[in-house]
Amino acid sequence: MSVAAMCALAVCASIMALYLREFRPEMARMLAMGAALLIMGAAVPMAAEFIAAVRRFSLISRPMAEFMQPMLKVTGIAYIAQFAAELCRDAGETALAGRVELAGKTAIALMSFPIMRDVFLSLMNFV
């Protein structure tokens, strides 16, 4: 599914949810969440294509290869945590959304620490 089709689906679902909200608010929420899940499912092949391109690039640039995997994981964590938090917000669970974001940020900090350590040690070697 193209990005334009995903956007069209999102706009149509939003308009339908807006109309449904008057009569059946619970159905409007389910419609919005279903559309979000469909869009996320359609975006997964694009993410896989991106990951494959980054892997090909990391094979070309050997010195940077060790940083590519953590960078991909951090990017994936950020996208997944944001998507889950937005779904929670759409369901009216703002407190849960905040906890999902906190968990994502903590995981990102843990994943990025070895890279930060290596950069710091490289800088210390120059001094």
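Preceding this paragraph is the structure being described.
Residues numbered from 1 in each chain as written. Predicted model: local features only at pLDDT ≥ 70, side-chain atom pairs only at ≥ 80, totals over all residues. Heavy atoms only, no water.

Participant: How do you make sense of the overall build of the protein chain when you look at a structure like this?
Facilitator: Of the regular secondary structure elements, the protein chain holds four helices and zero strands. Across the protein chain, helices and strands are ordered from the amino to the carboxyl terminus as α-α-α-α. Counting only C-alpha atoms, the protein chain reaches 65 × 35 × 15 Å along its principal axes. When each of the 127 residues of the protein chain is scored for burial, the buried share is 19%. For the protein chain, the exposed area adds up to about 9300 Å²; of that, 73% sits on carbon and sulfur atoms. Distance between charge centroids for the protein chain: 6 Å, based on 11 positive and 9 negative side chains. (Helix = DSSP H or I, 4+ residues; strand = E, 2+ residues; numbered from the N terminus. Buried < 20%, exposed > 50% of the residue type's maximum accessible area, 1.4 Å probe, protein only. Areas by Shrake-Rupley, 256 points an atom, 1.4 Å probe, with all protein chains shown as cover. Lys, Arg positive; Asp, Glu negative; His and termini not counted. Charge placed at Lys NZ, Arg CZ, Asp CG, Glu CD.)

Participant: Teacher, can you tell me more about the state of the cysteines here?
Facilitator: Between two cysteines, a covalent bond joining their sulfur atoms is known as a disulfide. By the definition in use, this model includes zero disulfides. Just so you know, Cys-12 is unpaired, no disulfide at all, and the nearest cysteine sulfur is the one on Cys-7, 11 Å from it. We classify Cys-12 as partly exposed; its relative accessible area is 45%. (Disulfide = S-S within 2.5 Å.)

Participant: In this structure, what is going on with helix 2 (residues 25–60)? I would like to understand it.
Facilitator: It helps to recall that an α-helix has 3.6 residues per turn; residues three or four apart then point in one direction. Look at helix 2: 53 Å from first C-alpha to last across 36 residues, which is about the 52 Å you get at 1.5 Å a residue. The largest bend along helix 2 measures about 25° and falls at Val-44, with the proline Pro-45 one to four residues further on. Among the residues of helix 2, Ala-28, Met-33, Ala-35, Ala-36, Ile-39, Ala-42, Val-54 and Ser-58 are the ones counted as buried. (Expected span 1.5 Å × (residues − 1). Bend = angle between axes of the 7 residues up to and from the residue.)

Participant: Any chance you could explain the environment of Arg-55 here in plain terms?
Facilitator: Positionally, Arg-55 belongs in helix 2. Classification of Arg-55 as exposed rests on a relative accessible area of 55%. The spacing of Arg-55 and Ala-78 is 23 residues in sequence and 19 Å in space, taken between C-alpha atoms.

Participant: For this particular structure, what's the right way to read the pattern of salt bridges?
Facilitator: Pairing is possible between side chains of opposite charge, provided their charged atoms come close. Under the counting rule described, the total for this entry stands at four salt bridges. When the shortest N-O distance is used, the salt bridge between Arg-24 and Glu-26 registers 2.9 Å. Among the residues examined, Arg-24 registers a relative accessible area of 42% and is labelled partly exposed. Of the charged contacts in the structure, one is a salt bridge between Arg-89 and Glu-101, with a shortest N-O distance of 2.8 Å. Residue Arg-89 is located in helix 3 (residues 62–90), and its partner Glu-101 is located in helix 4 (residues 94–126); the two are separated by 12 residues in the primary sequence. A relative accessible area of 31% places Arg-89 in the partly exposed class. The exposure class of Glu-101 is partly exposed, given its relative accessible area of 26%. Among the ionic contacts, a cluster of salt bridges with common partners joins Glu-86, Arg-89 and Glu-101. (Salt bridge = Lys/Arg side-chain N within 4 Å of Asp/Glu carboxyl O.)

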